[in-house]
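Spelled out, the chains give:
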Amino acid sequence: MSLLAIEDLAVTFPVEDGPDVPAVDGVDLQVETGEIHGLVGESGSGKSVTARSIMRLLDGAEVSADRFDYRGEDLYAKSEAEMRRIRGDDIAMVFQDALSALNPVMTVGEQIAEVVRHHGDVDESAGLLSELRRKYVTGTSKSAPSWRRAVDLLETVGIADPEDVATSYPHQLSGGQRQRVMIASALGGDPSLIVADEPTTALDVTVEAGILDELQCLCDEFDVAILLITHDLGVVAETCDRVTVMYSGSVMERGTTDGLFENPAHPYTKGLLRSIPEGAPSEDGQLATIPGSAPEPTERPAGCPFRDRCPAAFDACSDPLPEHVVDGGEGHVARCHLYTEGDDLGEVTWETDAAANGEATGTADRTPATEVTDG
Ligand SMILES: Nc1ncnc2c1ncn2[C@@H]1O[C@H](COP(=O)(O)OP(=O)(O)O)[C@@H](O)[C@H]1O
Ligand SMILES: [Mg+2]
C-alpha cells in the first residue's frame, strides 16, 4: 500500500467574473513509505496546488478525486480536527520562503520545542496555559526535554552550532540556516511525509546541495517520505528515487529517476532534460529551453496540453491523454500518443532544430512513434 495514493485529482478555482481556473486536471500521484519522490515541472504546472491539496489547504477551491488515500484512509473524509492533527504530526510542509513561515518574534528553538511538545513525545505539559506562560513569561527551560530535542533536531539537519542557533530569531539566520530550521521543525512532529515545496529554490547552489544531501540522510535515518517539489530536473537527478513530471495541470510521465533519466519518453520530459546543466548547450552557448510557454489553465487545447509546443505533435494529440507503460515497466508511464502499450521507445527524439526555429507547432500530418526522428 502506498503511503499516499491520489487518483484523478482535479482542482478548480471558481472566479467571479471570468471562467473558472482548472489548475489541476486528472493527476495521479503515489508516494511510497520512505522514498524521496520528485514532483517536477515548469512554473504554473500545478505542483503547489497539488501539494496544498495534500494538506487540504485550498480554501475556496473545488477539489475532486477518485481516490485520495493517506495510509489507506481517505484524507478528504477526515474532520477538520483530525486534519489539524495530521498536519502537525503525520504530514509536515516545508515552503520555499522560511522567513514568512517562521514566527519573527520567537527564537527558532522555541518554535521547534513547541512542535515537539505538541506532538507529545516529551513529558511536558503542552496545555494552553503552560504554552502561554512559556511564550510570554518564562520561555522554554534550556534543560527541558523539548528544548534538548529542538537542539538535537537542529544538529540533525546539519546546523553546526545548534545551541546558538536555537536562541536566534529567524532574521538573524542565513537563508540556508532558515530552510534547515524549517526542516527541523517539520521533523519535530515525527511525520511520515514531508511535503517540501521548492525548499531550496531561493538558495545558491552550494547551500542547495548541502540541504539536498541532508534530506537524503533524513529519509534513511527517520524513514520519512519526502515529496520534493521543484522546477529543476537537476535537483531530481541528485535527490529523488522516483519522479512525477507535470505540465499545465496534468501528469506527463512518471517512473524511477534512473529509468526516466536514461530513457525519457515524453517529448516534454526530453525538453526539460535538455535544459539542465548536464544537457548540451545550444550553439550560441545558452542552455536549451523549450520554446514557447505553457498555456493558461483556461486556454489549454483539448487533448495533450503540450501539443502546441511539441515538435512531435500529430493529429491524435487532440484526443484525451493516454497512459502507456513504456521502457519495460518499473512503473514507467508516459502520457503521450506517440507510444502504444508495450512499444519500446524506438528513435523518438526531441527535434532540436525544428524547436529552435520556432517550428514547434502541432502539425496534422505527422505519423507517430518510430518515424519521428531527428534528421
Ligand atoms: N488561488 C488561486 N486562484 C486561481 N488560480 C490559481 C490559484 N492558485 C493557483 N492558481 C493557478 O493554478 C495554476 C497552477 O499553479 P501552481 O500550482 O502554483 O503552479 P506551480 O507550483 O507548478 O508553479 C496556475 O495557472 C495558477 O495561476
Ligand atoms: Mg509552486
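- As named in an unreviewed UniProt entry, the protein is ABC transporter ATP-binding protein, taken from Haloplanus rubicundus.
- On record in UniProt, under Subcellular location (unreviewed entry), the comment for the protein is "Cell membrane".

Overview of the overall build of the protein
Reasoning step 1: The helix and strand inventory of the protein stands at 13 helices and 13 strands.
Reasoning step 2: In the protein, buried positions account for 52% of the 375 residues.
Reasoning step 3: Of the contacts made within the protein by residues no fewer than 6 positions apart, 65% connect residues no fewer than 24 positions apart.
Reasoning step 4: For the protein, the accessible area works out to roughly 16,900 Å², and carbon and sulfur atoms hold 47% of it.

Some remarks on a nonpolar patch on the surface
Reasoning step 1: Among the surface-exposed residues, L128, L129, L132, Y136 and V137 lie close enough to one another that they form a single nonpolar patch of about 620 Å² accessible area.
Reasoning step 2: Among the secondary structure elements, L129 is positioned in helix α5 (residues 128-138).
Reasoning step 3: Classification of L129 by relative accessible area gives exposed; the value is 66%.

Topic: the site of ligand 1
Reasoning step 1: As a structural note, the neighbourhood of ligand 1 is formed by F13, V21, A23, E42, S43, G44, S45, G46, K47, S48, V49 and P297.
Reasoning step 2: G46 places a main-chain nitrogen or oxygen 3.0 Å from an oxygen atom of ligand 1.
Reasoning step 3: At 2.9 Å from an oxygen atom of ligand 1 is found a main-chain nitrogen or oxygen belonging to V49.
Reasoning step 4: Contact with the protein chains hides 68% of the accessible area of ligand 1, taken as 560 Å² for the molecule alone.

Things to note about the side chain of E208
Reasoning step 1: Inspection of the secondary structure assignment puts E208 in helix α9 (residues 205-222).
Reasoning step 2: Buried charged residue E208 carries no salt bridge. Nearest counter-charge: R180, at 11 Å.
Reasoning step 3: With residues near it in sequence (within four places) discarded, E208 still touches T200, L203 and V235.

A short note on the packing of helix α4 (residues 108-119) against helix α6 (residues 145-156)
Reasoning step 1: Taken N-terminus to C-terminus, the directions of α4 and α6 make an angle of 115°; their axes are 8 Å apart at the nearest point. By the angle between their axes, α4 is roughly perpendicular relative to α6. Viewed along their axes, α4 and α6 form a crossing whose handedness is right-handed. Counting all contacts with α4, which are made through G109, E110, I112, A113, V116 and R117, the residues of α6 involved are S146, W147, R149, A150, L153 and L154.
Reasoning step 2: Taken together, the residues of the contact of α4 with α6 break down into seven nonpolar, two polar and three charged.

Concerning helix α8 (residues 175-187)
Reasoning step 1: End to end, α8 covers 19 Å across 13 residues, agreeing with the expected 18 Å (1.5 Å per residue, within 8%).
Reasoning step 2: Within α8, eleven of the 13 residues are buried, leaving the element largely enclosed by the surrounding structure.
Reasoning step 3: For α8, the set of buried residues is G176, R178, Q179, R180, V181, M182, I183, A184, S185, A186 and L187.

Observations concerning unusual backbone geometry
Reasoning step 1: For R56, which is not glycine, the phi torsion reads 55° and is therefore positive.
Reasoning step 2: Note that R56 resides in the loop between α1 (47-54) and β4 (62-64).
Reasoning step 3: You will see that D223, though not glycine, has its phi angle at about 55°, which is positive.
Reasoning step 4: Within the secondary structure layout, D223 lies in the loop between α9 and β9 (225-230).
Reasoning step 5: A residue is classified by how much of its surface remains accessible, and D223, at 47% relative accessible area, is partly exposed.

A closer look at the pattern of salt bridges
Reasoning step 1: As enumerated under the stated definition, the model contains 15 salt bridges in all.
Reasoning step 2: In this structure, a network of salt bridges that share partners links the residues E7, R67 and D69.

Regarding the sheet that holds strand β13 (residues 333-334)
Two pairing modes exist for strands in a sheet, parallel and antiparallel, and in both the strands are linked by backbone hydrogen bonds.
Reasoning step 1: Pairing in this open sheet of eight strands is mixed, and the strands run β7-β8-β9-β3-β10-β11-β13-β12 from one edge to the other. Looking along the sheet, the strands with just one partner apiece sit at the ends: β7 (91-94) and β12 (324-325).
Reasoning step 2: Two elements, strand β8 (residues 193-197) and β9, share five bridges in a ladder whose sense is parallel. The residue bridging L193 from the neighbouring strand is A225, located in β9.
Reasoning step 3: Its contacts with the sheet place helix α2 (residues 80-90) against β7 and β8, and it is angled at close to 65° to β7.

Quick notes on the nonpolar core
Reasoning step 1: Of all hydrophobic cores here, the largest spans 66 residues; its most connected members are V181 and L228.
Reasoning step 2: Among the elements that make up this core, the one with the highest residue count is α8 (six residues).
Reasoning step 3: Looking at which domains feed residues into this core, each of domain 1 (4-105 + 169-242) and domain 2 (269-375) gives three or more.
Reasoning step 4: Leave out the neighbours within four places in its chain, and L228 touches I36, H37, G38, L39, A196, P199, L212, L215, V235, T239 and C240.
Reasoning step 5: One finds V24, I54, M55 and M83 within the second-largest nonpolar core, a separate group that totals 31 residues.

A few points about the packing of aromatic side chains
Reasoning step 1: Throughout the structure, instances matching the rule amount to four aromatic pairs.
Reasoning step 2: Where Y247 meets Y268, the ring centres are 4.6 Å apart and the plane angle is 55°; that geometry is what we call tilted. On the criterion of sequence distance, the pair formed by Y247 in strand β10 (residues 242-247) and Y268 in helix α12 (residues 267-274) is long-range, its members being 21 residues apart. The same class applies to Y247 as to Y268, namely buried.
Reasoning step 3: Members of the aromatic cluster, connected to one another through ring pairs, are Y247, Y268 and F306.
Reasoning step 4: In this arrangement the basic side chain of R56 is found over the ring face of Y76, its NZ or CZ atom lying 5.5 Å from the centre.
Reasoning step 5: The ring of W147 carries the charged tip of K142 above its face, separated from the ring centre by 4.2 Å.

Procedures and definitions
- Every residue gets a number counted from 1 within its own chain, in the order that chain's sequence is written.
- To label them, take the chains in the order written and letter them from A, then take the ligands in the order written and number them from 1.
- Whole-chain, interface and lining totals are the exception, using all residues; otherwise, since this is a predicted model, local features are given only for residues with pLDDT of at least 70 and side-chain atom pairs are given and counted only at 80 or more.
- Values shown for side chains rest on all heavy atoms present in the structure; no hydrogens or waters enter the calculation.
- UniProt positions are given in the numbering used here, feature names are shortened, and annotations may be inferred rather than shown by experiment.
- Numbered from the N terminus, helices here are DSSP runs of H or I no shorter than four residues, and strands are runs of E no shorter than two.
- Three exposure classes are used, based on accessible area relative to the maximum for each residue type with a 1.4 Å probe and protein chains only: buried under 20%, partly exposed in between, and exposed over 50%.
- In what follows, a contact means two residues having at least one pair of non-hydrogen atoms within 4.5 Å.
- All accessible areas in this document rest on Shrake-Rupley with a 1.4 Å probe, and a residue is counted as covered only by the protein chains that are shown.
- For patch building, the residue pool is restricted to those with more than 30% relative accessible area and no salt bridge; the joining distance is 9 Å between like charges and 5 Å between nonpolar side chains (Val, Leu, Ile, Met, Phe, Trp, Tyr).
- Salt bridge, as applied in this entry: a Lys or Arg side-chain nitrogen positioned within 4 Å of an Asp or Glu carboxyl oxygen.
- Whether a residue is near a molecule or strand depends on its heavy atoms: it is near if one of them lies within 4 Å of it.
- In the analysis that follows, any N or O atom pair within 3.5 Å is treated as a polar contact, provided that within protein one partner can donate a hydrogen and the other can accept it, and provided that, for residues neighboring in sequence, both atoms belong to side chains.
- Positive charges come from Lys and Arg, negative ones from Asp and Glu, while His and the chain ends are left out of the count.
- Between N-to-C directions, angles cover 0 to 180 degrees, with each direction set by a line fitted to C-alpha atoms, over the stretch in contact for helices.
- Should an angle fall under 35 degrees it is taken as roughly parallel, and over 145 as roughly antiparallel, whereas 65 to 115 is taken as roughly perpendicular and any remaining angle as oblique.
- Crossing handedness follows the turn of the near helix against the far one: under a right angle anticlockwise gives a left-handed crossing, and clockwise gives a right-handed one.
- Note that Gly is not counted as nonpolar here; it falls among the polar residues with everything else outside the nonpolar set of Ala, Val, Leu, Ile, Met, Phe, Trp, Tyr, Cys and Pro and the charged set of Asp, Glu, Lys and Arg.
- Each residue after the first adds 1.5 Å to the expected span of a helix.
- At least two DSSP bridges between two strands are needed for those strands to be called paired.
- Here the nonpolar core consists of buried residues drawn from Ala, Val, Leu, Ile, Met, Phe, Trp, Tyr and Cys, with membership extended through side-chain atoms lying within 4.5 Å.
- The split of the chain into domains comes from an automatic or database domain assignment.
- Here the aromatic set is Phe, Tyr and Trp, taking the six-membered ring for Trp, and pairing holds for ring centres within 6.5 Å; pairs whose planes are under 30 degrees apart are stacked, those over 60 apart are edge-to-face, and all others are tilted.
- Consider the ring centre and the ring normal. A charge sits over the ring if Lys NZ or Arg CZ is within 6 Å of that centre and within 35 degrees of that normal.

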